[in-house]
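Tertiary structure, described
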Amino acid sequence: MPHGPLMIIGGAEDKVRKPTILKHFVALSGGRDARIAVIPTASSLGREVVDVYDALFTKFGAARVDAVRPETRDQAHDPALVKALDEATGIFMTGGNQLKLSSIVCGTPVGDAILRAHERGAVVAGTSAGASIQSSHMVAFGVGGSTPKQRMTQVAAGLGLVEATVIDQHFDQRNRYGRLLMIVAQSPQLLGIGVDEDTCGLVEEVAGDLVMRVMGKGAVTVFDGSRMTSNAYEATRSSPLLASGVVFHVLPEGAVFNLATRSLVPQEPVVDPEDADELAEASRDLRQLVRDIAAADATPAAVRRRLALRRTRSTTTTPDHAPTEGDPS
């Protein structure tokens, strides 16, 4: 049985005007049969953060929404919380402090239940902190900036739902290019994934490979350092790092990326239906033009005028009997 989908959301997902990402989560979780467990452990807010997602997921058709909120590692051993996760068809981890989330959840029965849910086919989604924890290596905290510098961030262990990766969020909005590239420079075997706000990397198994499809209004940025040259092993204090030969991908909505081969998956072009109709009409006109030229031995300009007149007449409705002044019809 293939593992369930992962939804890696960069934070600040639209909840009101165009909540496409959250609606898609509910649909993947089973729609009207969805049983969703919300894990708000990372959040500093109280019950209200659960109430927001409860209202949204119920509005989108979910059958049940449960709160699973361990606040200590001891609470993460609670059988009732584990049971709620074992029964869930979708798990959603909120934003907040990802180091708090990982330090409480990873390596506990609650963390193990999340892994089991993924293995049995349930959807596991997370926004902001809930996105970062899905990778094997997680950004614990750090400063923003475009230039990678030694010691600008620290790394902690994540759940490992996406192996050999490090995931960052609010990526472009908070200028986190430097800190993600710093981690890749120090550990070139890791694939760096930065997700913008209101954007989701949907990860699914396709023919044995993990494939990520981008949805939302932003982009997913990928750093592949597998062939890079770096001086991270000898750079001191907060000095800028050498990072040469990094393969850089910016993936907007609709782009598909193979995480196993670290390569873009070519997609068939999508044609808007209205554009397709216009193209078909132009093709018909062109064929008619060729036939008219061949049959009448007329000049192309004369035939084009004739076609334009014909199309104008075809789009104008002319009654069989035009009423004259005083005619009751």
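The written sequence of each chain sets the order in which its residues are numbered from 1. Thresholds applied to this predicted model are a pLDDT of at least 70 for local features of residues and 80 or more for the giving and counting of side-chain atom pairs; totals over whole chains, interfaces and linings are not thresholded and use all residues. Side-chain measures were taken over the full set of non-hydrogen atoms in the model, leaving aside hydrogen atoms and water.

1. As for the packing of helix α1 (residues 20-28) against helix α2 (residues 47-59)
Condition: Only the stretch in contact is used when fitting a helix axis, every axis being a line fitted to C-alpha atoms; angles between N-to-C directions are given from 0 to 180 degrees. Only runs of H or I of at least four residues qualify as helices and only runs of E of at least two qualify as strands under DSSP, and these elements are numbered from the N terminus. To sort the angles, those under 35 degrees are grouped as roughly parallel, those over 145 as roughly antiparallel, those from 65 to 115 as roughly perpendicular, and the leftovers as oblique. Working rule for handedness: look at the near helix, and if it is turned counterclockwise from the far one by less than a right angle, call the crossing left-handed; if clockwise, right-handed. Contacts are assigned to residue pairs that have any heavy atoms within 4.5 Å of one another.
The contact between α1 and α2 brings their axes to 9 Å, and the two run at 65 degrees. Classified by the angle their axes make, α1 and α2 are roughly perpendicular. Crossing handedness for the pair α1 and α2: right-handed. For the pair α1 and α2, the contacting residues are Leu22, Phe25 and Val26 in the first and Tyr53, Leu56 and Phe57 in the second.

2. Quick notes on the sheet that holds strand β3 (residues 64-67)
For the record, the criterion: Only strands that DSSP links by at least two bridges are regarded as paired with each other.
Pairing within the open sheet is mixed, and its nine strands lie in the order β3-β2-β4-β5-β1-β10-β11-β16-β17. Looking at which strands have only one partner, the edges of the open sheet turn out to be β3 and β17 (263-264). Direction of pairing for strand β1 (residues 6-9) relative to strand β10 (residues 199-206): antiparallel, over a ladder of four bridges. Looking at the pairing, Ile9 lines up with Cys200 of β10. Strands β2 (35-39), β3, β4 (90-93) and β5 (123-127) of the sheet are contacted by α2, whose axis makes an angle of about 165 degrees with β3. This element, helix α3 (residues 79-87), spans β2, β3 and β4 of the sheet and lies at about 135 degrees to β2.

3. Brief notes about the state of the cysteines
Defined as follows: The rule for a disulfide is simple: a pair of cysteine sulfur atoms within 2.5 Å. When accessible area is computed with a 1.4 Å probe and restricted to protein chains, residues below 20% of their type maximum are described as buried, those above 50% as exposed, and intermediate ones as partly exposed.
One pass over the structure, following the stated rule, counts zero disulfides. Free cysteine: Cys106, not disulfide-bonded; nearest cysteine sulfur from Cys200 at 20 Å. A relative accessible area of 0% places Cys200 in the buried class.

4. Notes on the packing of α3 against helix α5 (residues 109-119)
Rules: Lys, Arg, Asp and Glu make up the charged group, whereas Ala, Val, Leu, Ile, Met, Phe, Trp, Tyr, Cys and Pro make up the nonpolar group; the residues left over, Gly among them, are polar.
Relative to each other, α3 and α5 sit at 10 degrees, their axes nearing to 9 Å. Considering their axes alone, α3 and α5 lie roughly parallel with respect to each other. On α5, the residues that touch Leu81, Val82, Leu85 and Asp86 of α3 are Pro109, Val110, Ala113, Ile114, Arg116 and Ala117. Residue composition of the contact of α3 with α5, grouped by class: eight nonpolar, no polar and two charged.

5. Topic: the pattern of salt bridges
Let me state the cut-off plainly: The term salt bridge refers to a pairing of a side-chain nitrogen on Lys or Arg with a carboxyl oxygen on Asp or Glu at a separation within 4 Å.
In the structure shown here, the tally under the stated rule is 11 salt bridges. Measuring nitrogen to oxygen at the nearest pair gives 3.0 Å for the salt bridge that ties Asp86 to Arg116. Note that Asp86 is positioned in helix α3 and Arg116 in helix α5, a separation of 30 residues in sequence. For the salt bridge of Arg176 with Asp168, the shortest nitrogen-to-oxygen distance reads 3.8 Å.

6. So, the environment of Gln189
Structurally, Gln189 can be placed in the loop between α7 (177-186) and β9 (191-195). Put simply, Gln189 and Met228 are 39 residues apart on the chain and 9.9 Å apart in space, counted from C-alpha to C-alpha. The residues touching Gln189, leaving out its near neighbours within four places in the chain, are Ala164 and Arg262.

7. Details of the side chain of Thr221
As for its placement among the helices and strands, Thr221 is situated in strand β12 (residues 219-224). Using a relative accessible area of 2% as the deciding quantity, one classes Thr221 as buried. In contact with Thr221, other than residues within four places in its own chain, are Phe171, Tyr177, Gly192, Ile193, Gly194, Phe248, His249 and Val250.

8. What to know about the pairing of β9
For clarity, the threshold we go by: The definition of a right-handed crossover adopted here requires that, viewed with the strands pointing away, the path from the first strand over the helix to the second runs clockwise.
A large share of β9 lies buried, amounting to five of its five residues. Burial along β9 is two-sided: the face carrying Leu191, Ile193 and Val195 and the face carrying Gly192 and Gly194 are both buried. Each parallel crossover has a hand, and for strand β8 (residues 162-169) linked through α7 to β9 it is right-handed. The pairing of β9 with β12 spans five bridges and is antiparallel. Its bridge partner being in β12, Ile193 is matched across the sheet by Val222.

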